[in-house]
Amino acid sequence: MDVKIEESWKNLLRDEFEKPYFADIAKRLHAEKDAGVQIFPPGGQIFRAFELTPVDSLKVVILGQDPYHGYGQAMGLSFSVPDGVPAPPSLKNIFKEIESDLGVRMSGSPNLEPWARQGVLLLNAILTVRSGEAASHSGIGWQQFTDAVISDISAHCEGIVFMLWGRFARSKRELIDTSRHFVLEAAHPSPLAGGAFFGCRHFSQANALLTQQGKTPIDWKL
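Keep in mind it's a predicted model, so treat the numbers as computed, not measured.

(A) Structural context of the side chain of Asn207. Looking at the secondary structure, you find Asn207 in helix H9 (residues 202-212). Asn207 has contacts with Pro217, Ile218 and Trp220, leaving out every residue within four places of it along the chain.

(B) Examining helix H7 (residues 142-156) more closely. Given a rise of 1.5 Å per residue, 15 residues ought to cover 21 Å, and the 21 Å separating the end C-alpha atoms of H7 matches this to within 8%. Buried within H7 are the following residues: Trp142, Phe145, Thr146, Ala148, Val149, Ile150, Asp152, Ile153 and Ser154.

(C) Region of interest: unusual backbone geometry. Note that the residue after Phe40, namely Pro41, is joined by a cis bond; omega there is -10 degrees. Positionally, Pro41 belongs in the loop between strand E1 (39-40) and helix H4 (48-52). The phi dihedral of Phe79 falls on the positive side, at around 70 degrees, and the residue is not glycine. Take Phe79: it is sitting in the loop between strand E2 (60-64) and helix H5 (89-102). Even without being a glycine, Ala135 presents a positive backbone phi close to 60 degrees. Checked against the element boundaries, Ala135 lands in the loop between strand E4 (129-130) and H7.

(D) Molecular detail of the sheet that holds strand E3 (residues 120-124). Spatial ordering of the open sheet is given by E3-E2-E5-E6, a layout of 4 strands whose pairing is parallel. Single-partner strands in this sheet number two, and they are E3 and strand E6 (182-186). Put simply, the sheet's adjacent strands are angled 20 degrees from each other on average, direction ignored. Direction of pairing for E2 relative to E3: parallel, over a ladder of 5 bridges. Following the sheet pairing, Val60 is matched in E3 by Val120. Where H7 meets the sheet, its contacts fall on E2, E3 and strand E5 (161-165), and the angle it forms with E3 comes to roughly 150 degrees.

(E) Spatial organisation of helix H3 (residues 20-34). For H3, which comprises 15 residues, the first-to-last C-alpha distance of 21 Å matches the rise-based estimate of 21 Å (1.5 Å per residue) to within 8%. Every buried residue of H3 is accounted for by Tyr21, Phe22, Ile25, Ala26, Leu29 and Glu32. For H3, the angular spread of buried residues about the axis comes to 150 degrees, placing them on one side. Turned more than 90 degrees from where H3 packs its buried face, Pro20, Lys27 and Asp34 sit exposed. Buried positions along H3 lie against helix H2 (14-17), E1, E4 and H7.

(F) Focus on empty space enclosed by the protein. Tallied over the full model, the rule gives 1 cavity of 30 Å³ or more. The computed volume of the largest cavity comes to approximately 70 Å³. Residue lining of the largest cavity: Pro41, Ile46, Ala49, Phe50, Pro67, Gly76, Leu77, Ser78, Leu122, Leu123, Asn124 and Leu127, and that is the complete set. Contributing elements (two or more residues each) for the lining of the largest cavity: H4 and E3. With 3 residues, the single largest contributor to the lining of the largest cavity is E3.

(G) How the structure looks around the layout of surface pockets. Here the largest pocket defines a volume of roughly 450 Å³. Counted by class, the lining of the largest pocket contains 11 nonpolar, 12 polar and 1 charged residues.

(H) Geometry of the environment of Leu12. Mapping Leu12 onto the fold places it in helix H1 (residues 7-12). Each C-alpha atom of the pair Leu12 and Gln144 lies 15 Å from the other, and the pair is 132 residues apart in sequence. Excluding anything up to four places from it in sequence, Leu12 contacts Val55, Asp152 and His156.

(I) Up close: the pairing of E5. Burial of E5 is extensive: 5 of the 5 residues sit out of reach of the surface. Bridge count for E2 against E5 is 4 bridges, and the pairing is parallel. Within the sheet, the bridge partner assigned to Ile62 lies in E5 and is Met163. In this structure, E5 lies alongside E6, joined through 5 bridges in parallel fashion.

Basis of the calculations
- Residues numbered from 1 in each chain as written.
- Predicted model: local features only at pLDDT ≥ 70, side-chain atom pairs only at ≥ 80, totals over all residues.
- Heavy atoms only, no water.
- Helix = DSSP H or I, 4+ residues; strand = E, 2+ residues; numbered from the N terminus.
- Contact = heavy atoms within 4.5 Å.
- Expected span 1.5 Å × (residues − 1).
- Buried < 20%, exposed > 50% of the residue type's maximum accessible area, 1.4 Å probe, protein only.
- Pairing = 2+ DSSP bridges.
- Axes fitted to C-alpha atoms, helices over the stretch in contact; angles between N-to-C directions.
- Arc of directions from axis to C-beta.
- 1 Å grid on protein atoms, 1.4 Å probe; cavity = no way out; pocket = protein on both sides within 12 Å on 5 of 7 lines; lining within 4 Å.
- Points joined across faces, edges and corners; volume = space filled by probe spheres on them.
- Nonpolar A, V, L, I, M, F, W, Y, C, P; charged D, E, K, R; others polar.

This is how it looks when you write it as structure tokens:
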């Protein structure tokens, strides 16, 4: 697998790329592609979150589970889909919460690249998925890699705001040094959570925490 990743992440995660499990992930993906299996996101976008958000610009981490498995949706950023693709239900609810929390009007653009370019790492715990099969790559090793990403952020950065939505994301709290970082927890924005996500006010809270540290807040409006 051609690991196209921004240089600061390449340096921070160098040891992970050399471990046997990472080679096994690459072998698994190549074997599936050779067998005609369609995998999302496209190969060049698997590490897109890292490309857009270098380590030294990192302010916020929003953790998702695995990529969207519908055609044309996954783009390497958790919760985001490309322009021209309808916003999935979870993303619509995220936008509703931002509008309520910040008193802004979202444009409806489902592409979250502007957040990533401001220092929001939109990280899925699992970086690939087979077409039409949710969580189909949950057991191939990606979580070992992304757990290492979270642990390395915790060890090498300061004052990062982690947004953990839903039981799966909240289980990663143990990887984060809460004496050095901030953890905001809420229900998942999926409609399946019955609206429990609404009212979490994570976006204003994150900006308040960044401002307290002398960091530029995130412009969440799209």
